[in-house]
Amino acid sequence: MSASALWIALGMLVLSTARSSEAARRLTTNPSRFANSTLVRLADYLLTGYKRGVRPVRDWRTPTTVSIDLMIYAILSVDEKNQVLTTYIWYRQQWKDEFLVWDPKDFDDVKQISILTNNLWVPDILINEFVDVGKSPDIPYVYVGNDGEVRNYKPIQVVTACSLDIYNFPFDVQNCSLTFTSWLHTIKDINISLLRSPEEVMFDKSVFMNQGEWELLHILSAYSAFSIDGNDHYAEMKFSVVIRRRPLFYTVSLLLPSIFLMVMDIVGFFLPPDSGERVSFKITLLLGYSVFLIIVSDTLPATAIGTPLIGVYFVVCMALLVISLTETILIVRLVHKQDLQPHVPEWVKYLVLERATVLFCIRNKHKFGPLHPKEVDVTQYKENNINSDKLNFLCCENPKHREKPMGMALPLRENTPVVDSILHEISFIRQYLEKRDEYRDIAKEWLQVGYVLDVLLFRVYLVAVLAYSITLGTLWSVWQYAE
């Protein structure tokens, strides 16, 4: 019984194995498993015995020519501090694979097929300026034509090093290169060519997103061959991407506030030079400009090798504000505290009040007259006092007055100290008035000198500001429209 049972179990095992094999064979040969059996047969035909690690040429002396092309889709970022340009490009490359050729008549007139990139030989074309791996989508397939032409199209986020010149910021034009070359193969193995003509590549902006900070001007392409050791030569295709910054945002947020503050500083010169409000006004402007520079410091690009011209512009504007404040302080000091100052020297009067006013057509507002009338008045006052004394003396010597009783003269003698005191007070008042008039004359002289110097320095300051502004405006206008 045990032997018969063993034989029965063995027979059932063999029968089940045979049925499983038959089912597997039917499943494998069943044409309804695949939606397009022609593509499967074609893929098996092309990949059977294919060596993806060997360059696909029948004659090893024949170089593989890789035709490349790119289109700029977007300028993602320009890092001036780290000298890095991040772009998003549509990259295309084509080459001829001599082992991927078939007759379309044998495969239902199929002329192209998509195959996994990992199953094929792919040229080691890369960008020399790569500094980081971008976040590019993975495109696993390539198109293969019946004549062996392989088309590898994919988008790439390119993070490359670029020598950025920020001196003309915010009217700068940058020229960054993308150099495609084979890292290992020489020109005898892999050569590079353009897929389109250079003119088509240069002015192609069909896919560029033209709404960002940067504007694409053109793309220049150039082919060259170089050698490292003088023996092996390598082919490279260099694309020069020329972009220009749109300056409107920086003009509104940086240049216009600075221009407004400088205009207010110039308007401050129209305040009277003997007014202390001008000093406080200019100090307020200087503090406001300092706060403005602190706010915009993060907006300006910074590098270790250069400073943009707009940074120099801000520094010079700050220096002009300091000079303006210094000039105002000197003028205010000149026209105040005249009691501590002597008369204006004659050479200052000649140079400032006579020569400068005529040379620069400065109107003389505070003309001061000579002091002779006052001296005449004082002289006449003294003569009148002397004549009065003489008259009193003569009256006392007159015999008619002698005949008067003594009582009539005693009050006059008794009031003599009072009269002397009154005359002393009058003399003191007269000296005070004369001194005050002298100080007023000195004040008028220095005020006139201060007025002329203020107008003169204002014109020099205005010419300096205008020349500086016109020079920078001309440079920025030329840079803005330069391509």
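Analysis parameters
Residues numbered from 1 in each chain as written. Predicted model: local features only at pLDDT ≥ 70, side-chain atom pairs only at ≥ 80, totals over all residues. Heavy atoms only, no water. UniProt positions renumbered as here; feature names shortened; annotations may be inferred. Helix = DSSP H or I, 4+ residues; strand = E, 2+ residues; numbered from the N terminus. Buried < 20%, exposed > 50% of the residue type's maximum accessible area, 1.4 Å probe, protein only. Contact = heavy atoms within 4.5 Å. Areas by Shrake-Rupley, 256 points an atom, 1.4 Å probe, with all protein chains shown as cover. Axes fitted to C-alpha atoms, helices over the stretch in contact; angles between N-to-C directions. Parallel < 35°, antiparallel > 145°, perpendicular 65-115°, else oblique. Nonpolar A, V, L, I, M, F, W, Y, C, P; charged D, E, K, R; others polar.

- Going by the annotation in an unreviewed UniProt entry, the name recorded for the protein is 5-hydroxytryptamine receptor 3A-like, with Huso huso given as the source organism.
- Per its UniProt entry, the protein bears the Subcellular location (unreviewed entry) comment "Postsynaptic cell membrane".
- According to UniProt, the comment filed for the protein under the heading Sequence similarities (unreviewed entry) is "Belongs to the ligand-gated ion channel (TC 1.A.9) family."

**So, the overall build of the protein**
Here comes step 1: Each helix and strand counted, the protein has 11 helices and 11 strands in total.
Here comes step 2: Looking at the protein as a whole, 35% of its 483 residues are labelled buried.
Here comes step 3: Across the protein, the fraction of contacts at a sequence separation of at least 24, relative to all contacts at a separation of at least 6, is 80%.
Here comes step 4: Approximately 30000 Å² of the protein is accessible, and the part contributed by carbon and sulfur atoms is 62%.

**What to know about the packing of helix α4 (residues 248–267) against helix α5 (residues 277–296)**
Here comes step 1: Running from N to C, α4 and α5 point in directions that differ by 170°, and their axes come no closer than 10 Å. Taken together, the axis directions place α4 and α5 in an arrangement best described as roughly antiparallel. Residue-level contacts link Ser253, Leu254, Pro257, Ser258, Leu261, Met264 and Asp265 of α4 to Phe281, Lys282, Leu285, Tyr289, Phe292 and Val296 of α5.
Here comes step 2: Looking at the contact of α4 with α5, its residues break down into nine nonpolar, two polar and two charged.

**A look at the environment of Tyr73**
Here comes step 1: Along the chain, Tyr73 falls in strand β1 (residues 64–79).
Here comes step 2: On the basis of relative accessibility, which here comes to 27%, the residue Tyr73 falls in the partly exposed class.
Here comes step 3: Residues Tyr73 and Ser206, 133 residues apart in the sequence, show an inter-C-alpha distance of 8.6 Å.
Here comes step 4: The residues contacting Tyr73, other than those within four sequence positions of it, are Tyr88, Ile89, Trp90, Val207, Phe208 and Met209.

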